[in-house]
Amino acid sequence: MTSDPGSLAGAVALVTGGGTGIGRSVAARLAADGATVTICGRTEATLAEAVDAIRAATPEARVQPVVADVTDEAAVAHAVDAAARFGDAPLGIVVANAGGSESMGPITQLDVAAWDRTLAVNLTGTMLLLKHGGAALVAGGGGAFVAVSSLASTVSHPWFGAYGPAKAGINMLCRQAADELGPSEVRVNTVCPGLIRTDLVQPIIDDPGSSASYRD
Ligand code: NAP
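Residues numbered from 1 in each chain as written. Predicted model: local features only at pLDDT ≥ 70, side-chain atom pairs only at ≥ 80, totals over all residues. Heavy atoms only, no water.

With respect to the nonpolar core
Reasoning step 1: Core analysis: the largest hydrophobic core is formed by 24 residues, its most contacted members being Val80, Leu91, Leu129, Leu130, Phe145 and Val188.
Reasoning step 2: At the level of elements, strand 1 (12-16), helix 3 (73-86), strand 4 (93-96), helix 4 (112-139), strand 5 (143-148), helix 5 (163-181) and strand 6 (186-191) are the ones that each hand at least two residues to this core.
Reasoning step 3: Discounting residues that sit within four places of it in the chain, Val188 has contacts with Leu130, Phe145, Cys174, Ala177, Ala178 and Leu181.
Reasoning step 4: Counting 19 residues, the second largest nonpolar core, distinct from the first, contains Ala11, Val15, Ala27 and Ile93. (Core = buried A, V, L, I, M, F, W, Y, C linked by side-chain atoms within 4.5 Å. Buried < 20%, exposed > 50% of the residue type's maximum accessible area, 1.4 Å probe, protein only. Helix = DSSP H or I, 4+ residues; strand = E, 2+ residues; numbered from the N terminus. Contact = heavy atoms within 4.5 Å.)

See below:
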């Protein structure tokens, strides 16, 4: 990880799913560059471990954990509020990173409850963060909202179930939000990672068929 210490001094950020994987690295980078960072997720112990690791790497880091499920509107509102209160400036950076998949498998055999849960964490979670985090960014005079989508939002893979459709929904949701919030100085973007070695994708990396499809 390269860093530019001080470049984000005074900035106030919220990263969902910041306890592990991509979100934890994003939070570590923001903290190393001087931002005040709130990370949220559902698992208190994971968040605490991430806070310790970020502080170990950057002793002056200002980082706090907030337990919140991004599919729960009240919890998202609380996380946004906690992130804004933690900083000395208005909330300026929101990263909607929490996501995952519970619905891998043939489309003819998809479990509807697992489909719903996958749409909820990815698409509804991003919408709720846009609703509450976007409002905070506007109220603070502007900022940046970044949603973590996926290569799977634009490239189809067999047996990906609800994941690709949910991520494609994030792309369109963020285009719509960019049109709405741009005039209020809020930039809204998605990033679409390819395969990044985290716990989430270990089953894909381990499965030769899925892995080959992704690499192709
Ligand atoms: P990860 O380590 O599993 O990270 C997912 C994080 O989201 C976890 O910290 C998890 O913490 C949190 N989370 C899950 N459900 C949540 C919920 N309902 N509310 C709040 N937090 C929740 O996997 P990752 O690879 O870093 O994934 C991060 C993002 O990148 C995801 O959106 C994923 O779809 C996307 N992505 C990953 C790859 C890749 O190759 N790794 C590629 C493209 C896109 P808790 O379980 O404790 O809540």
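Quick look at the packing of helix 3 against helix 4
Relative placement of two packed helices is described by the angle separating their axes and the distance separating the axes.
Reasoning step 1: For the pair helix 3 and helix 4, the least separation of the axes is 9 Å and the interaxial angle reads 30 degrees. Taken as axis vectors, helix 3 and helix 4 run roughly parallel relative to one another. Crossing hand, helix 3 versus helix 4: right-handed. Together, Glu73, Val76, Ala77 and Val80 of helix 3 and Leu128, Leu129, Lys131, His132, Gly133 and Ala136 of helix 4 make up the contact between the two elements.
Reasoning step 2: The class makeup of the residues in the contact of helix 3 with helix 4 is 6 nonpolar, 2 polar and 2 charged. (Axes fitted to C-alpha atoms, helices over the stretch in contact; angles between N-to-C directions. Parallel < 35°, antiparallel > 145°, perpendicular 65-115°, else oblique. Left-handed = near helix turned anticlockwise from the far one by under 90°. Nonpolar A, V, L, I, M, F, W, Y, C, P; charged D, E, K, R; others polar.)

Some details on the sheet that holds strand 1
Reasoning step 1: An order of 3-2-1-4-5-6 is seen for the 6 strands of this open sheet, with the pairing classed as parallel. At either end of the open sheet lies a strand with only one pairing partner, and these are strand 3 (62-67) and strand 6. Across the sheet, the axes of successive neighbouring strands diverge by a mean angle of 15 degrees, strand direction being ignored.
Reasoning step 2: Both strand 2 (residues 36-41) and strand 3 contribute to a ladder of 6 bridges, which runs parallel. Within strand 3, the position partnered with Ile39 by the bridge is Pro65. (Pairing = 2+ DSSP bridges.)

Some details on the packing of helix 4 against helix 5
Reasoning step 1: It is the contact of helix 4 with helix 5, at a shortest axis distance of 9 Å, that shows an interaxial angle of 15 degrees. Relative to helix 5, the element helix 4 lies roughly parallel. As helix 4 runs across helix 5, the sense of the crossing is right-handed. Mapping the contact onto sequence places Trp115, Thr118, Leu119, Asn122, Leu123, Thr126, Met127, Leu130, Gly134 and Val138 in helix 4 and Tyr163, Pro165, Ala166, Lys167, Gly169, Ile170, Leu173, Cys174, Ala177 and Leu181 in helix 5.

Overview of the site of the ligand
Reasoning step 1: Looking at the ligand, there are 26 residues lining it, with Thr20, Thr43, Tyr163, Ile196 and Thr198 nearest.
Reasoning step 2: Ile22 is positioned such that a nitrogen or oxygen atom in its backbone is 2.8 Å from an oxygen atom of the ligand.
Reasoning step 3: Asn97 is positioned such that a nitrogen or oxygen atom in its backbone is 2.7 Å from an oxygen atom of the ligand.
Reasoning step 4: Assessed atom by atom at 2 Å from the grid points, the ligand resides in the largest pocket. (Near = heavy atom within 4 Å. Polar contact = N/O pair within 3.5 Å; in protein donor to acceptor, adjacent residues only side chain to side chain. 1 Å grid on protein atoms, 1.4 Å probe; cavity = no way out; pocket = protein on both sides within 12 Å on 5 of 7 lines; lining within 4 Å. Sits in = over half its atoms within 2 Å of the grid points.)

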